[in-house]
Amino acid sequence: MSTITLYSVAYGLASLLLGALGSILPGAARAAVTNVDVVTGLGVLIFAAILLAASMLNTIVLIWWERKLLGRFMDRRGAMHVGYAGLLQNFADGFKLFRKDTVKPREADALGFFTGPAAYMVTSMIIFGVLPISTGWNSGALPLSLLLALAIFSFAPLFIFVSAWSSNNKYSLMGGMRSAAQMIAYEVPLLLAVVAVVIVSGSFSLTTIVYEQQNYWYWGPLFVALIVFVAAMLAEMERIPFDLPEAEAELVEGWNTEYGGMLFAFFMLADYLRALVGSILVVLLFLGGWTMPSWVPSAATSFPLAGIFWFMLKTYLVFGVFVWIRASLPRVRTDQLLRVGWNRMIPLSLLAVFLAAVLVTVKCVWPFGCVPSMGV
Amino acid sequence: MSEMWINMGPQHPMTHGLWNLRVKIDGEMILDVDPEMGYLHRGIEKISEDRHYNEVITLMDRCCYVAGLAWEHLYIIASEEALHLEAPERALYLRVLCEEFQRLASHLMWYAAFVQDIGLMSPFLYGMRDRDLILDLLQSYTGARMTYEYMRVGGVRSDLPPGFTDRTRKVLDWLNARFVEYDQLCLGSDIFHKRCDGLGILKANDCVAHGVTGPMLRSAGVPRDLRRDRPYAVYDQLEFDIAHADTADVTGRYLVRMEEMRQSLRILRQVVDWLDRHPGPVMADQLPRWLGAPYAPVGNEGYLLKRHYPKGLGFSAVEEPHGEAQAYVVNEGGEHPYRVKFRSPVFANISAARQYLIGYRVADIPPIMGSVDVCVGEVDR
Amino acid sequence: MQPDDVSRVLAPALGPKLLAVEPFAGMAGRVRFERGAALELFPRVRDDLGFRHLSMVGGIDWVDHREVFYVVWSDAAHQYLLLSTDVPADNPRVETASGVWPSANWHERETWELVGIEFDNHPDLRHLLTPDGYEFRPLLRSFKLHEPEELEVKTRHV
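Keep in mind it's a predicted model, so treat the numbers as computed, not measured.

J.: It is not clear to me how the overall build of chain C should be interpreted in this structure. Could you clarify?
T.: Along its length, chain C carries 3 helices and 7 strands. For chain C, the α and β elements follow one another from N to C terminus as α-β-β-α-β-β-β-β-α-β. Taken against the 2.2 N^0.38 rule, which gives 15 Å for 158 residues, the C-alpha radius of gyration of chain C at 17 Å falls within 12% of a compact globule. With respect to the principal axes defined by its C-alpha atoms, chain C has extents near 50 × 30 × 25 Å. For chain C, buried positions account for 42% of its 158 residues. Residue pairs in contact within chain C that sit at least 24 positions apart in sequence constitute 48% of those at least 6 positions apart.

J.: Can you help me understand the domain arrangement of chain A in this one?
T.: Accessible area lost upon the coming together of the parts serves often as the stated size of an interface. All names here are of chain A. Each domain of chain A was delimited in the assignment, giving domain 1 (1–57) and domain 2 (100–370). Taken residue by residue, the interface counts 8 residues in domain 1 and 9 residues in domain 2. Listed by contribution, the elements that provide at least two residues to the side of domain 1 that touches domain 2 are α1 (6–23) and α3 (36–73). For the side of domain 1 that touches domain 2, the leading source of residues is α3, giving 3 residues.

J.: Where do I start with the interface of chain A and chain B in this structure?
T.: Each partner contributes to the interface: chain A provides 22 residues, whereas chain B provides 26 residues. Of all the secondary structure elements, the ones that give two or more residues to the side of chain A that touches chain B are α11 (248–251), α14 (306–328) and α15 (334–362) of chain A. Tallied by class, residues from the side of chain A that touches chain B come to 11 nonpolar, 3 polar and 8 charged.

J.: Looking at this structure, how should I read the interface of chain C and chain B?
T.: Each side of the interface is counted separately: chain C has 26 residues, and chain B has 30 residues. Elements that contribute at least two residues to the side of chain C that touches chain B include exactly β3 (53–61) and α3 (104–115) of chain C. The element contributing the most residues to the side of chain C that touches chain B is β3(C), with 6 residues. Residue classes in the side of chain C that touches chain B are distributed as 15 nonpolar, 8 polar and 3 charged.

J.: Teacher, can you tell me more about the sheet that holds strand β5 (residues 79–88) of chain C here?
T.: Whenever strands of a sheet pair, they do so through backbone hydrogen bonds, lying parallel or antiparallel. Residues and elements named next belong to chain C. Strand order in the open sheet formed by 5 strands is β1-β2-β5-β4-β3, and the pairing between neighbours is mixed. Looking at the sheet topology across the chains shown, the edges are occupied by β1 (18–22) and β3. Each neighbouring strand pair of the sheet contributes to a mean axis angle of 20°, computed without reference to strand direction. Taken together, the 10 bridges between strand β4 (residues 65–74) and β5 define a ladder with antiparallel strand orientation. Residue Trp-73 lies in a different strand from β5, and its bridge partner there is Tyr-80.

What counts and what doesn't
- Residues numbered from 1 in each chain as written.
- Chains lettered and ligands numbered in written order.
- Predicted model: local features only at pLDDT ≥ 70, side-chain atom pairs only at ≥ 80, totals over all residues.
- Helix = DSSP H or I, 4+ residues; strand = E, 2+ residues; numbered from the N terminus.
- Rg over C-alpha atoms; globule rule 2.2 N^0.38 Å.
- Buried ≥ 20, exposed ≤ 12 C-beta atoms within 10 Å, placed from the backbone.
- Contact = placed C-beta atoms within 7 Å.
- Domains from an automatic or database assignment.
- Nonpolar A, V, L, I, M, F, W, Y, C, P; charged D, E, K, R; others polar.
- Pairing = 2+ DSSP bridges.
- Axes fitted to C-alpha atoms, helices over the stretch in contact; angles between N-to-C directions.

Next up, the structure:
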């Protein structure tokens, strides 16, 4: 395995650029630009730019993936005309939205109306800074990266509510209310399901959690936690069957009714960014991240960028399951959703935590075998 | 949250048309509703007073854009009665063929819209896809997909193209298999039952008092269907059952409409069998010239030249896909009808909105109004 | 049910206010009554004759007078019955049927705004198909189609 990491690429690129710049500059300026702090700073900036580009690109491809899958589920072909199999359709749509005028309702509160979508977008994007994608793409080697990711993830209801309220539209307000209620209700089971994973892996670091799954992935022993996590994640991502905040049948478009043009695109992108984060978290926590089981031939896991390949494959398959659910289920009602959340999901997630504790105690689970190193 | 009025419409995804449901809500609870109609009012009754009898047929297609032929049928029966004309038997069968096709197309359209209202995405496309098969069949003998202008006072415009009945049988078989899928997608889902059971209840007595007809009335346990209770055209010679349910809620209306589609398939099979066996004229021989008769009957040219204005009153009632439609045509002797009055079933069904909406939640409005199957074109006329 | 059956039930109670019960093709008959007898007639038609379902209310402008007609349906007899009354053109006014058949509510609103017939004691006589403040009666014969008029129409929600 090569030791090339994303950060070393960014740092190398920065020092190359600054070195070239310094070679044509006079002495004092040369010393200034080749200063190690400057190089490191530029390296971090390039690193962030790569992260940004990668996350945006993935999000857009994710939308394409959803459209194609939905099309097949619905007995049609999905986007077909722009690019190969419609691959560039979303770029075209994005440019169209980018060119559109931004319309603010006269009675809307400008501060909330404009900062809401921006903050929603930014917080959704920051999460990518802490998500490890493979051994080389491991920006989030923080000891508490999981906690940080979920903490940023749960900012969203605040910004949704701010932008809904400041739209000064009754539908937006109702959508915002529903969104806040729903996300707060499902935050608890989501975190409890994560607690189960943390108990078993003994770490809040996503990288450690992935490496702890070398022997078996957690989806089997922590199946209850997986179910709770996926269901709660569906609610957090506001996808059918839990897309009540933007239930278009009764609330027009929910909390983003008043948004158009680029602001709407912000919401759309942020939604899919969150969907991507959700899928990635499922892969990291339950499906072994970028690792593959030992019975997979080594040729399949040792080619360049194999980790990223397998990781993205898993992520897209997980998202495909979300799309499948979206294509086949109706939407529930707010009261039913909240009742399920408080009355069913929380006991179920407590059960998952309990099972995780049992698992740590007995250290063995059939048919996955025993792990001496398991637990703290 | 305090009480507030919200306008669901005139441009709102729930409305499926152009109307405004004003809803007074407290949080998510519905305290009061006030439907506002008229956004699509074109004055069809007034325009009809200025048109020849056959020209009104064009307007009937615009009355209900998903069941134009049923409205043509309604108007044709009433005006034939007012003008004392009769259509040949084959034309009557062709009209029944049209009406049952329209019932299927309309119910499929309803299915598509209804499942989307409760958030099911895929069956929407399935419903539209299968409706297109019906529209293709209709297009092959009327030449149009939505605005047909197929029926005429005294018959129908043209006979079926060759090979039509075989194609129809294929489509009927296909649909019969698809309806199983439809039921699996809806009734097989727990969330569907959570969203639809016990919602929008309108008991039989309230239905009758508020003039509600059609699938809504039948879902309340009253098996009333004009095709059987007051047979028109050739419905008395066809075998079919009246679909009905007892729950009086959204699920009941769903079941009734699905069963009606199956019964329509049954009727259509009998009709195409009959049409295969009985060729014949599709237009009455002797029609007054001012009706715009399609050809001059040989040896009867003098009749055509004579202006002959009989007086008369015509009333007809047709079991339209949405319910019970009526037409009242007053013929005062003249080229134009003196007065035409239509009764739209959806008009009455919406007028009872207060009875079946108050007390439920905002999120229940789309399923409930979806189960009413609103077609604004015929409400506003 | 035949016209004779209808008049046998209605005639004793209404007396001379029941003008005639005529045969009508496809219906149980056409009951013509004095407009003042509306409130006596409707409950009898509903309860004694069993026509519990009011399907349609409409108006016809005969220039010298106007006619209001009601179509009712009986589930027992599987028949329609047409009720009709004449009202003078200068005072087109009749008692509402919505107390007897709630379904008359919207039909009467429509008849009021399009044919210009006033329904006394109607609970909610507002514009239905035409905008609020619309002062024309389109279904009157005096409203010509080919002579567009200058309209100033108020919007519904300001």
